[in-house]
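# Tertiary structure, described
For reference, the chains in residue letters:
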Amino acid sequence: MGQHKRRMGASIIGLSILLLSKDEALQVFSPPYEDEIPREPGVYGFFLLLGSRQRIGLLGAEPFSSDVLANAQKNLERRLLKAEKVFSSKMLEGSLRERGKGLSLLESYDVVMMQRNITDILSILNGTDAMSIPVIVDFVEKVSLMAGPVYCGMTYDQTLLQRYGQHKSDFYRRARDDESSFGSRFSKTGFIWDDLIFSCVPLNCSRTDIRAIEKLMHMLLKAPFSKF
Amino acid sequence: MRKIDQEHYDVHHVGSFGRFFSGNSFPVDYLQTSFTAADLLNLSFAQDLHPDGQDFELLMQRDIDKGRVLREVVPYINPSDLSDKENKERAIFFPPLLVAVVPVKNRQMQPYYPDEKLEYDTQILYREWPGQLRIQFYLDDGISAYTQKLLEKGALKEFKVDRAPVKLSIRKPKGSEEGASLVVIDGQHRLAALRYVYDKNPQALEGVCIPVCILFPPNSTQAYKDYMGGTDVLTVHSVFRSLFVDVNTTMKDVGGHFNVLLSDSSLSGIVCRKFCDAILRSRGERGLAQIEWNIKSKKDSTVLNRSYSITSIGILHKALSKSLAGASKSALLSFLLVLPEVEPNFELGDNDSDESPVVEWERFSLHQKRYLEAQVAKHMVPCLEEIFFGMSAYKSLHEKFIKALDKLEKDRDDSANQEQHNAAILQILEYKPIEDDRHHRRARDIYQAFEADISRELDGQVESLVQYAIVQRGILDAWIILLDKLKDLAVAPIVITKAFVELLNFAFRDDGSLFKPSKAYMQYTVWELTNIKPLEETRTAISNCILTILATDGHAEKFTKALGEVADRRVVNRLITLGTAKAGDFIGQYHKFRQRNFIRTYTVDFAMLSDDDRNYLRELEQEYQKQIQEVRDNLRKQEDVSGEFLKQVEKYVGRDVKKAIADFRDSFNYVGGIAIEEIFEEVETE
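Calculation criteria
- Residues numbered from 1 in each chain as written.
- Chains lettered and ligands numbered in written order.
- Predicted model: local features only at pLDDT ≥ 70, side-chain atom pairs only at ≥ 80, totals over all residues.
- Helix = DSSP H or I, 4+ residues; strand = E, 2+ residues; numbered from the N terminus.
- Buried ≥ 20, exposed ≤ 12 C-beta atoms within 10 Å, placed from the backbone.
- Contact = placed C-beta atoms within 7 Å.
- Axes fitted to C-alpha atoms, helices over the stretch in contact; angles between N-to-C directions.
- Parallel < 35°, antiparallel > 145°, perpendicular 65-115°, else oblique.
- Left-handed = near helix turned anticlockwise from the far one by under 90°.
- Nonpolar A, V, L, I, M, F, W, Y, C, P; charged D, E, K, R; others polar.
- Expected span 1.5 Å × (residues − 1).
- Domains from an automatic or database assignment.
- Pairing = 2+ DSSP bridges.
- Core = buried A, V, L, I, M, F, W, Y, C linked by C-beta atoms within 7 Å.
- pLDDT = per-residue confidence, 0-100.

## Some thoughts on the overall build of chain B
- Assigned secondary structure in chain B consists of 25 helices and 17 strands.
- Its C-alpha atoms give chain B principal-axis dimensions of about 115 × 65 × 60 Å.
- Expressed as a percentage of the 686 residues in chain B, the buried residues total 41%.
- Here the analysis covers contacts within chain B between residues at least 6 apart in sequence; of these, 69% occur between residues at least 24 apart.

Quick look at the structure:
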């Protein structure tokens, strides 16, 4: 099937592809196209599909009944709350000391802080007309790639397709206490594997260069599930 | 002149009265009594019931496993292998048979009893449901008396009675007259065994009194419905159906299809039950008769055993479990059952829970189960019905069956002895096996002729092709692959399924010519000469062939168009890519199977190879096997194994692969790429 691999044409419904150049394009693959992920090394990121009509139960052509729209609104609310948790899941830990006191003072406070988002997604959606849900979810789907990746990484010895498969396998193993892999950590968010969009840039350069590019990605993109 | 009393009732039993209910549940009255072995002849089996509504679960539960009766229950009552001394040293007992009082008219079960009438004096109270049953109580004012509130002239009136002795009288239905049948709802196998022993060896049961509990819902009447202000009152059928399903646990180890149907731990059981229920409701017993659901042998449960069958629970279970089980299929399952419709109910309002409400084929909570049952009935079952009753080949099989059945019924009507035809028809439509005795020899002949006629009519036709279990599994495999490929689209699974059935109709056109053993590419992959290969690989080969069509003649465009406005050119490309990949996979399979077959058979292939060729190949193979053994013994590296034997094999196999590819391309009108072709170009030019 190798010769039929589509290098450039893959996209997810409603999302555009950003083409940098013919050979080094940012390629985007939703799960139906995962077989077409390049069989070569490179850097990659996973994006979260924030919503889609299918995911919230809006099937077929409009108009939708009020029951279907009300159910879809609930699904969208639940989904965006979960997404918000994914993007606001930073935890800080360390010790605090009273300001202005000398270092000889031994008292300090161990703290663990969890990120909280002040904006209330529910209150935003509560104010919208259920009839607008199809428009909103289409928009939410389209901006999924603007939200920044939830994880990014690089491959050198493995191909991008192999690495994708490894993450997927980790996801489905769902080891309860396993925090070591992205797949297992992401599986605890309540999203399914098919909620991830894979994007990558195949790179034909040295391991050192790819590592440097990966570090830059971590620094600049601050993907919440990446371990630096 | 004193009028002679008319005795309407002919079965009488004395015992203790009771009433069972909890809170506001619908009450069930009962009489605990005992029957002699001869009294058992007054009891009927549940399979003799004809309920007022079609109900697959009731049908399923009333099946009697005669083998089990003879194998297990009869020897318990009447062991033939014990000495007289051993027999004396053992005690046996049966729990009470549960017997329902079922109102019957014209041999049909009636929804309600006649309205209850009370008659009483200072000593005796009669409760009577005229023409059906009557109970006689002794009135009692004592402190141990039992108080009943009974409906009289539209109001409740209190009576204090003794719970024992109480006399229950039943009027058995005669011909088409109304009456009440005593139907066993728990203990059918015990009853069958007792009757068998009583028939063969009556002295073994001489003096035996069998415990029996006779049940009836006294409020299943029109008068009670009126009293309740016209609100729905449970029918006799619905009460006994519910009790019947609840108390019957004995079939759990029956095996075969029942292991699937009675399982609640996997979606297989739910899907198969709902599918049968839907077919029974929408197409009646004539539709359900073409679904095999009551095969008890494990071996036979995954193939079709009757010439007129469309499919079987075992085939569905095997195919669906194989394709839908496991965590990695949860997204597909969610799509197929349209779970977003009910997902807000899955989390029980616990929005803070991080636990995902993910449903898997064999992993879901009791809370989720009731929603899943509804989604299965709403979304998955219509898809299965679309495939098995909508695809042209199955539709034609159904029509041929109906035509043959009409003819059988006409023959019955024209026959002097309708009983034999009726027995055959009952076996076909109600799975009530024809008795294995000489009185039913003619019925068995009629049934066998019916099967043989259909078998003859289908021979060599596409209907018989799609009856193969492995072909059905290939069809279901292709269906699920397509659903998986399109599960991100906002389209209902039934829409995809309808488009898929059109694809199937094209694939199996011209009497299934694409799949005939005469096609070069079908040998080794699906057929061995004229025998179908019942292997997992065959299933995949059939699925690959069906999906290949997506890469031919604009079928991807047609398919996409059928999905509506949610699909566009990208979906077309996706389907073409899928079809192209499956074409490559199929030819890859052909190559592998042909190679395997060649290696297995070249030593006796006198038509294709000369003696010298065979001897040369044999020498090469011996050397190859020797070197492989050396690799196993760590005496040689894998890369140092000579490739000459396999190269020579490829030379012969390659010719067949090329022929198969040519036939495949021509038959499917496939012009896409097949990666494997390049290898055999080289082989041919050597």
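Next, the rest of the story.
## Considerations on the packing of helix α22 (residues 569-601) of chain B against helix α24 (residues 644-668) of chain B
Residue and element names in this part refer to chain B.
- Put simply, α22 and α24 touch, their axes get as near as 9 Å, and they point 140° apart. When the interaxial angle is binned, α22 and α24 end up oblique. The interaxial crossing formed by α22 with α24 has right-handed handedness. Listed contacts from α24 to Ile587, Tyr590, His591, Arg594, Gln595, Phe598 and Ile599 of α22 are Val649, Tyr652, Val653, Asp656, Val657, Ala660, Ile661 and Phe664.
- Considering only residue class, the contact of α22 with α24 consists of 11 nonpolar, two polar and two charged.

## Looking at helix α18 (residues 493-507) of chain B
- The terminal C-alpha atoms of α18(B) lie 20 Å apart, and with 15 residues this matches the ideal 21 Å at 1.5 Å per residue to within 8%.
- Contact partners of the buried residues in α18(B): α10 (330-336), α12 (366-390), α17 (469-485), α20 (536-548) and α21 (555-562) of chain B.

## Considering the domain arrangement of chain B
- The domain boundaries assigned to chain B delineate domain 1 (11-111 + 128-135 + 166-253) and domain 2 (466-604 + 643-685).
- Inter-centroid distance (C-alpha atoms) of domain 1 of chain B to domain 2 of chain B is 55 Å.

## Structural notes on the environment of Asp568(B)
Residues and elements named next belong to chain B.
- Along the chain, the position of aspartate 568 falls in the loop between α21 and α22.
- With 12 C-beta atoms packed within 10 Å, aspartate 568 lands in the exposed category.
- It is 9.0 Å that separates the C-alpha atoms of aspartate 568 and glutamate 557, two residues lying 11 residues apart in sequence.

## Remarks on the sheet that holds strand β1 (residues 27-29) of chain A
All names here are of chain A.
- What the four strands build is an open sheet, ordered β1-β6-β2-β5; its pairing is antiparallel. Edge positions in the open sheet fall to β1 and β5 (151-155), since each of these has one partner strand only. Averaged over all neighbouring strand pairs, the angle between strand axes comes to 25°, with direction disregarded.
- Its contacts with the sheet place helix α7 (residues 207-221) against β2 (42-48) and β5, and it is angled at close to 175° to β5.

## A closer look at the nonpolar core
- Judged by nonpolar contacts, the single largest core of 164 residues is most densely connected at Phe198(A), Val271(B), Cys276(B), Ala424(B), Leu504(B), Ile546(B) and Leu550(B).
- The greatest single-element share of this core, amounting to 10 residues, is contributed by α22(B).
- When near neighbours in sequence (up to four residues on either side) are disregarded, Leu550(B) contacts His555(B), Ala556(B), Phe559(B), Leu575(B), Ile576(B), Leu578(B) and Gly579(B).

## Description of helix α13 (residues 392-414) of chain B
All names here are of chain B.
- In this model, α13 (23 residues) spans 33 Å end to end at C-alpha, consistent with the 33 Å of a helix rising 1.5 Å per residue.
- For α13, the complete set of buried residues consists of Ala393, Tyr394, Leu397 and Phe401.
- The inward-facing, buried residues of α13 contact α12, α15 (441-458) and α16 (462-465).

## Some remarks on the pairing of strand β2 (residues 28-36) of chain B
All names here are of chain B.
- Two strands pair when backbone bridges link them, and strand β1 (residues 11-20) and β2 are joined in this way by five bridges, in the antiparallel orientation. Residue pairing for β2: phenylalanine 17 is matched across the bridge by leucine 31.
- Here β2 runs beside strand β13 (residues 209-216); their pairing, made up of eight bridges, is antiparallel. Note on β13: the bridge partner recorded for leucine 31 is isoleucine 214.

## Topic: the confidence of the model for chain A
- Mean pLDDT for chain A: 81, with 83% of residues reaching 70 or above.
- Taken element by element, chain A is modelled with least confidence in helix α3 (residues 121-126) of chain A, mean pLDDT 76, and with most confidence in helix α1 (residues 53-56) of chain A, mean pLDDT 94.

## Some remarks on unusual backbone geometry
- Put simply, Glu62(A) and Pro63(A) share a cis peptide bond, and its omega is 5°.
- Summarising the element assignment, Pro63(A) is placed in the loop between α1 and α2 (66-87).
- Of note, the amide linkage connecting Ala164(B) to Pro165(B) takes the cis form, showing an omega dihedral of -5°.
- In this structure, Pro165(B) sits in the loop between β10 (155-161) and β11 (166-170).
- With a phi close to 65°, Asn634(B) is a non-glycine residue in the positive phi region.
- Mapped onto the secondary structure, Asn634(B) falls in the loop between α23 (611-632) and α24.
- Given 7 C-beta atoms within 10 Å, Asn634(B) falls into the exposed group.
- Backbone geometry at Asn669(B) places phi at a positive 55°, although glycine is not the residue there.
- Residue placement: Asn669(B) occurs in the loop between α24 and α25 (677-685).

## Some thoughts on the pairing of strand β6 (residues 117-120) of chain B
Residues and elements named next belong to chain B.
- In this structure, β6 lies alongside strand β7 (residues 124-129), joined through four bridges in antiparallel fashion. Bridged to lysine 117 within β7 is glutamate 128.
- Connecting β6 to the antiparallel partner β7 that follows it, the hairpin turn spans three residues.

## Focus: the packing of α13(B) against α15(B)
Residue and element names in this part refer to chain B.
- Packing of α13 against α15 brings their axes to within 11 Å, and their N-to-C directions diverge by 145°. In this structure, the crossing between α13 and α15 has a hand that is right-handed. Facing α13, whose interface residues are Lys400, Phe401, Ala404 and Leu408, α15 presents Phe450, Asp453, Ile454 and Glu457.

## Structural notes on the environment of Ile480(B)
- For Ile480(B), the position within the fold is in helix α17.
- What Ile480(B) contacts, discounting residues up to four positions off in sequence, is Ser323(B) and Leu324(B).

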